[in-house]
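Examining the three-dimensional arrangement
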Amino acid sequence: MKSSEKKISDKSGAAKKSAGTKSTAKKAVPGSSLLQKVKHEDIRVIGHDDVLRFFSQVYRDHHLGHAYLFLGPRGVGKYTTALALSQLWLCQNPKLDEMPFQPCQQCADCALWRVRAHPDLIIMQKPEDTLEMPIESIRNLASQLALKPIRCPRRIAILDQADLMNESSANAFLKTLEEPPAHSILILIGGSSREQHLATILSRCQIISFSPLNKADIKNYLRQNGEIQIDRIEKILELSGGSIGRAVQLSSDPFWKFREELLHLLATYPVPGLQLGKYWLQFVQSAGSEGSKQRECAHVTIQIYIDLLRSAVLLAVNGAQEKAVANSVEASKIKEISMRYTPDQLLEWMDQALRADFQIDAMVTLALLIESLADSLMAS
Ligand SMILES: [Zn+2]
């Protein structure tokens, strides 16, 4: 053990920087010289100052609770915030003179956290090949959380996609929530609303609500993280619903190609429903083999579909094209749709699409959902 400690103080830049505190330093990090070679996995929380300030205050006042449930729109930064908080709570020398508080980024715990190898951080995610959070994952989480912390005063567990717990996995979790180990902090990453969770879970967690991000924050993020075509930005912000995750998806070319093709098929008369349904489903399936990826993709495509119909309704009712319509080809196709169908018909399709969007999370088969949207286009 001694030799590994020496190695760390010799080779680790982080250890050198905190040399003044070496006598009080925690146990050495086995293999931490390797950690220096691993690409840093720093993260940045966009927005949510209110949440970060709240947690800074309860941390300062030693009032951290045992179980928090994060609720808010998908892709808005709930998981990122949980990760950032876990670093702060594991850090040996957090900067308490900044608000919100920041981890030091220098200590061995920060280094371990950065490579997601901190022994007191447990992250539980749903296996890729299941639609629901299996009971085994919950039991595994509970047994890990029950162990004493290895390096820090506390163990932190993040349960991602907690809204995908079924009744039996939620019930298996109740005992941990009712009698949490004294040293534990649990963060459940939930869905967008309370209705997606059992009352027994809701009543045992402190609920932290995440608001959609404002457009300026999303715009800044997109600009800092890649090239965005200027004529797309307004539409992306509008469709993102305050979610960075969704804005990033919408910035990618495949979604714009999908939008173009969907608009083309909608403007074709009669609408080739079979072709449209098949194309739509293939696009959603191309998002990946994992069910949740396809479902998220389905959400985005339905938003795109609703938006196209909405543009046609606005044109039919107001007689004016929206500012956010990208180009003249798009404008002429939207005009064709607005002239061919009554506003009532377009609104009915929008209503049906909204219901389909809601059903995606109720685990309805995606093929059925998309098929029924395409069928109703043919029926008109
Ligand atoms: Zn630190």
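Please refer to the structure placed before this passage.
Residues numbered from 1 in each chain as written. Predicted model: local features only at pLDDT ≥ 70, side-chain atom pairs only at ≥ 80, totals over all residues.

1. Quick word on the nonpolar core
The test is simple: When buried Ala, Val, Leu, Ile, Met, Phe, Trp, Tyr and Cys residues are joined through C-beta atoms within 7 Å, the set is termed a nonpolar core. The burial label depends on the number of other C-beta atoms within 10 Å of a residue's C-beta. Counts of 20 or more mean buried, 12 or fewer mean exposed, and intermediate counts mean partly exposed, with C-beta atoms placed from the backbone. Where helices and strands are cited, they refer to DSSP runs of H or I of at least four residues and of E of at least two residues respectively, numbered from the N terminus. These domain boundaries are the output of an automatic or database domain assignment. Each residue is represented by a C-beta atom placed from its backbone, and any two residues with such atoms within 7 Å are regarded as in contact.
Counting residues in each nonpolar core, the largest one holds 90 residues, and the members touching the most others are Phe70, Leu159, Ile187, Leu188 and Ala312. For this core, the element with the most residues is helix 15 (residues 291-318), which contributes 12 residues. Split by domain, the residues of this core number at least three in each of domain 1 (38-209) and domain 2 (252-379). Discounting residues that sit within four places of it in the chain, Phe70 has contacts with Lys78, Ala82, Ile187, Leu188, Ile189, Gly190, Ile208 and Phe210.

2. Let's talk about the pairing of strand 4 (residues 184-189)
Within a regular strand, the side chains alternate between the two sheet faces. Test applied: Pairing between two strands is assigned when DSSP locates at least 2 bridges connecting them. With the strands pointing away from the viewer, any crossover whose connection runs clockwise from the first strand over the helix to the second is right-handed.
Of all 6 residues in strand 4, 6 are buried; the element is thus mostly enclosed. Going residue by residue along strand 4, you find Ser184, Leu186 and Leu188 tucked away on one face and Ile185, Ile187 and Ile189 tucked away on the opposite face as well. Taken together, the 4 bridges between strand 1 (residues 67-71) and strand 4 define a ladder with parallel strand orientation. Looking across to strand 4, one finds that Tyr68 is bridged to Ile187. Strand direction decides the pairing type here: strand 3 (residues 155-159) and strand 4, joined by 5 bridges, are parallel. Its bridge partner being in strand 4, Ile158 is matched across the sheet by Ile187. Between the parallel elements strand 3 and strand 4, the chain passes through helix 8 (residues 167-178) in a crossover that is right-handed.

3. Here we look at the sheet that holds strand 2 (residues 121-124)
Stated precisely, the cut-off is as follows: Only the stretch in contact is used when a helix axis is fitted, and all axes are lines through C-alpha atoms; the angle between N-to-C directions ranges over 0 to 180 degrees.
With parallel pairing, 5 strands are arranged side by side in an open sheet as 2-3-4-1-5. If you trace the sheet from one side to the other, it starts and ends with strand 2 and strand 5 (206-209), each paired once. Put simply, the sheet's adjacent strands are angled 20° from each other on average, direction ignored. Of the strand pairs in this sheet, strand 2 and strand 3 are connected by 4 bridges, and their pairing is parallel. In the strand pairing of strand 3, Met124 is matched with Leu159. Its contacts with the sheet place helix 7 (residues 135-146) against strand 2, strand 3 and strand 4, and it is angled at close to 175° to strand 2.

4. Examining helix 17 (residues 343-360)
Note the threshold: One less than the number of residues in a helix, times 1.5 Å, gives the span that helix is expected to have. In this context, the arc is that of the directions from the helix axis out to the C-beta atoms.
With 18 residues, helix 17 should reach 26 Å at 1.5 Å per residue; the first-to-last C-alpha distance of 26 Å fits that figure. Within helix 17 the residues assigned to the buried category are Leu346, Trp349, Ala353 and Ala356. An end-on view of helix 17 places all buried positions within 80° of arc, on one side of the element. Exposed residues on helix 17 whose side chains face more than 90 degrees from its buried face are Asp344, Asp351, Arg355 and Phe358. Structurally, helix 17 contributes buried residues whose contacts are with helix 15 and helix 18 (366-379).

5. Digging into unusual backbone geometry
Looking along the chain, the bond that leaves Met99 and enters Pro100 is cis, with omega of -5°. Following the sequence through the fold, Pro100 ends up in the loop between helix 5 (78-90) and helix 6 (108-114). Pro270 follows Tyr269 through a cis peptide bond whose omega is -10°. Examined against the element boundaries, Pro270 turns out to sit in the loop between helix 13 (253-267) and helix 14 (273-285). In this structure, Arg116 is a non-glycine residue whose phi angle is positive, near 55°. Residue class for Arg116 comes out exposed when judged on the 11 C-beta atoms lying within 10 Å of it. The phi dihedral of Gln161 falls on the positive side, at around 50°, and the residue is not glycine. The residue Gln161 is located in the loop between strand 3 and helix 8 in this model. A tally of 18 C-beta atoms within 10 Å means that Gln161 is categorised as partly exposed.

6. Here's the deal with the environment of Ser372
You can see Ser372 is positioned in helix 18. Residue classification places Ser372 among the partly exposed residues on the basis of 15 C-beta atoms within 10 Å. Measuring from C-alpha to C-alpha, the distance between Ser372 and Gly273 comes to 9.8 Å, with 99 residues separating the pair along the chain.

7. Considering the packing of helix 15 against helix 17
A packed helix pair is summarised by two numbers, namely the angle formed by the two axes and the spacing between the axes. Short version of the rule: An angle counts as roughly parallel when it lies under 35 degrees, as roughly antiparallel when it exceeds 145, as roughly perpendicular when it falls between 65 and 115, and as oblique in every other case. Each helix crossing is assigned a hand: it is left-handed if the near helix lies turned anticlockwise from the far helix by less than a right angle, otherwise right-handed if that turn is clockwise. Classification convention: Asp, Glu, Lys, Arg as charged; Ala, Val, Leu, Ile, Met, Phe, Trp, Tyr, Cys, Pro as nonpolar; all other residues, Gly among them, as polar.
It is the contact of helix 15 with helix 17, at a shortest axis distance of 9 Å, that shows an interaxial angle of 165°. Relative to helix 17, the element helix 15 is oriented roughly antiparallel. Judged by the sense of rotation from one axis to the other, the crossing of helix 15 with helix 17 is left-handed. Every residue of helix 17 that contacts helix 15 at Arg295, Ala298, His299, Ile302, Tyr305, Ile306, Leu309, Arg310, Ala312, Val313, Ala316 and Val317 is listed here: Pro343, Leu346, Leu347, Trp349, Met350, Ala353, Leu354, Ala356, Asp357 and Ile360. When the residues that make up the contact of helix 15 with helix 17 are grouped by side-chain class, the tally is 18 nonpolar, 1 polar and 3 charged.

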